[in-house]
Amino acid sequence: MNNKDWLNKISGIIAITTFIIILSGIITENDSLLGFPNAMMLYGLMPSALIWFGTRKNECGSCNQVSDVSKQQQDMKK
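Residues numbered from 1 in each chain as written. Predicted model: local features only at pLDDT ≥ 70, side-chain atom pairs only at ≥ 80, totals over all residues. Heavy atoms only, no water.

### Quick word on the confidence of the model for the chain
Heads up, the condition is: Confidence per residue, as judged by the predictor, is encoded in pLDDT with a range of 0 to 100. Only DSSP runs of H or I with at least four residues qualify as helices, and only runs of E with at least two residues qualify as strands; both kinds are numbered from the N terminus onward.
Per-residue confidence for the chain gives a mean pLDDT of 77, with 71% of residues at or over 70. The element-level mean pLDDT for the chain is lowest in helix α3 (residues 67-77), coming to 60, with helix α1 (residues 3-27) highest at 86.

As structure tokens, this is what we get:
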């Protein structure tokens, strides 16, 4: 497992944990679960979610193509 995979797993776990904390604060109608406002948890959620999205496999956060398929498609276009 390379560094990108480790970073992906760590940032994904942080994003999910932060989201659960924010969601539990909304459900229980509690404004501060950890001693500061729950809205401040968004400062940790957004960067970790962006890091997770950017370090997904296949070099692209939005596509799920295998690199072999995209190379074949590029050869066909030429």
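### Quick word on a nonpolar patch on the surface
Quick note on the threshold: Patch membership is restricted to residues that have no salt bridge and whose relative accessible area is over 30%. Joining uses 9 Å for like charges and 5 Å for the nonpolar side chains Val, Leu, Ile, Met, Phe, Trp and Tyr. The method behind every accessible area is Shrake-Rupley, applied with a 1.4 Å probe, and residues are considered shielded solely by the protein chains displayed. The term salt bridge refers to a side-chain nitrogen of Lys or Arg lying within 4 Å of a carboxyl oxygen of Asp or Glu. The buried label goes to any residue with under 20% of its type's maximum accessible area, the exposed label to any with over 50%, and the partly exposed label to all in between, with areas taken from a 1.4 Å probe on protein chains only.
A surface patch of nonpolar side chains, amounting to about 630 Å² of accessible area, comprises Ile-16, Phe-19, Ile-20, Leu-23, Ile-26 and Ile-27. Structurally, Ile-27 is set in helix α1. The class of Ile-27 is exposed, set by a relative accessible area of 63%.

### A few points about unusual backbone geometry
With a phi angle near 55 degrees, Glu-29 is a residue other than glycine that sits in the positive phi range. By secondary structure assignment, the location of Glu-29 is in the loop between α1 and α2 (42-54).

### Observations concerning the side chain of Ser-11
The line we're drawing: Contact between two residues is taken to exist if any of their heavy atoms lie within 4.5 Å; hydrogens are not considered.
By secondary structure assignment, the location of Ser-11 is in helix α1. Other than its neighbours up to four places away in sequence, Ser-11 contacts Ser-48, Ile-51, Trp-52 and Thr-55.

### Some remarks on the side chain of Asn-38
Inspection of the secondary structure puts Asn-38 in the loop between α1 and α2. Beyond its immediate chain neighbours, meaning those up to four positions away, Asn-38 contacts Ile-22, Gly-25, Asn-30, Asp-31, Ser-32 and Leu-33.

### Here we look at the environment of Asp-31
Structurally, Asp-31 is set in the loop between α1 and α2. Setting aside chain neighbours within four positions, we find Asp-31 in contact with Phe-36, Pro-37 and Asn-38.

### A word on the packing of aromatic side chains
Put simply, the rule reads: Between the rings of Phe, Tyr and Trp (Trp by its six-membered ring), a pair exists once the centres lie within 6.5 Å; its type follows the angle of the planes, with under 30 degrees stacked, over 60 edge-to-face, and the other angles tilted.
Applying the stated criterion across every chain yields a total of one aromatic pair. Ring centres of Trp-52 and Phe-53 lie 6.4 Å apart, and the angle between their planes is 45 degrees; this geometry places the pair in the tilted category. Accessibility expressed as a relative area gives 37% for Trp-52, which makes it partly exposed. The class of Phe-53 is partly exposed, set by a relative accessible area of 37%.

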